[in-house]
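Summary of structural features
Here's the letter readout for the chains.
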Amino acid sequence: QKTQIEKAHHEITDSIHYARRIQSAVLPSNEYIKKIIDNFFIFYRPRDVVSGDFYWVNKVDNTYIFIAADCTGHGVPGAFMSLLGISLLNEIILENKILSPDIIINNLRERLIKLLNPTNENAELVRDGMDISVCTLNKETKEIHFAGANNKMLIVRTSTNEIVELDADPMPAGYYEVMKPFNLQSINYTEGDIAVLFSDGYKDQFGGPNGKKFR
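Just so it is clear, the model here is predicted, and its values are computed rather than measured.

On to helix 4 (residues 101-116), then. Here helix 4 contains 16 residues, and its C-alpha end-to-end distance of 22 Å stays within 8% of the 22 Å for a straight helix at 1.5 Å per residue. When helix 4 is considered as a whole, its buried residues turn out to be Pro101, Asp102, Ile104, Ile105, Asn106, Asn107, Leu108, Arg109, Leu112 and Ile113. Taken together, the buried residues of helix 4 touch helix 3 (75-95), strand 3 (129-138), strand 4 (143-149) and strand 7 (173-174).

Here's what the structure looks like:
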């Protein structure tokens, strides 16, 4: 039994580690992102070997697009959802040239529900989806456009030490009891401002002397 368990564990572990290679391949590399924008940072550390969180970065014409998402589930189920999310975003943004953050998330939600529930039966049972923040930047107009599904965005104004919060709509990109259109927010930026997108994986970490959430 010990030998059988060790063999099964080894095979499962090898399979998950290979899945990580696939997931890493579809995430934009630092070298690719540097071709788009030269001043950025990414903190990405999966809780398990593979992750339900992902990020997406690209540039279409004069629009820079930055996305952070947190899919339903951790580990392998979350990783499946992340691959699906990346594939759908490639279609929506790169193929269909949809560049408004609110319309991107509305399209993503619609496609996710259709893919996960093709017969449109028992839609309320299909709860898979993602929390996502979508930010676009136009360097010519100095504007940032933002829309979020449960995931907000922060802008740190280094000139005034001020933090501006752009709140997200309180619903996921997936089936929900009340599915309203996602809202678009716009704000001007100045040189030196820092825009931060994140999932709840960072702020929900437990630690410190009292074992509390980082928040």
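There is more to say after this.
This part covers the pattern of salt bridges. Overall, the coordinates contain nine salt bridges when judged by the stated rule. The residue Lys213 makes a salt bridge to Asp204 at a minimum N-O spacing of 3.8 Å. On the basis of relative accessible area, Lys213 is assigned to the partly exposed category, the value being 37%. Judged by its relative accessible area of 25%, Asp204 falls in the partly exposed class. Where salt bridges share partners, they join Lys152, Glu165 and Asp167 into one cluster.

Summarising the element assignment, Tyr55 is placed in strand 1 (residues 53-60). Classification of Tyr55 as buried rests on a relative accessible area of 16%. Spatially, the C-alpha atom of Tyr55 lies 38 Å from that of Gln4, the residues being 51 residues apart in sequence. Contacts of Tyr55, omitting those with residues within four sequence positions, involve Leu27, Pro28, Ile33, Ile42, Tyr44, Ile67 and Ala68.

What counts and how
Residues numbered from 1 in each chain as written. Predicted model: local features only at pLDDT ≥ 70, side-chain atom pairs only at ≥ 80, totals over all residues. Heavy atoms only, no water. Helix = DSSP H or I, 4+ residues; strand = E, 2+ residues; numbered from the N terminus. Expected span 1.5 Å × (residues − 1). Buried < 20%, exposed > 50% of the residue type's maximum accessible area, 1.4 Å probe, protein only. Contact = heavy atoms within 4.5 Å. Salt bridge = Lys/Arg side-chain N within 4 Å of Asp/Glu carboxyl O.

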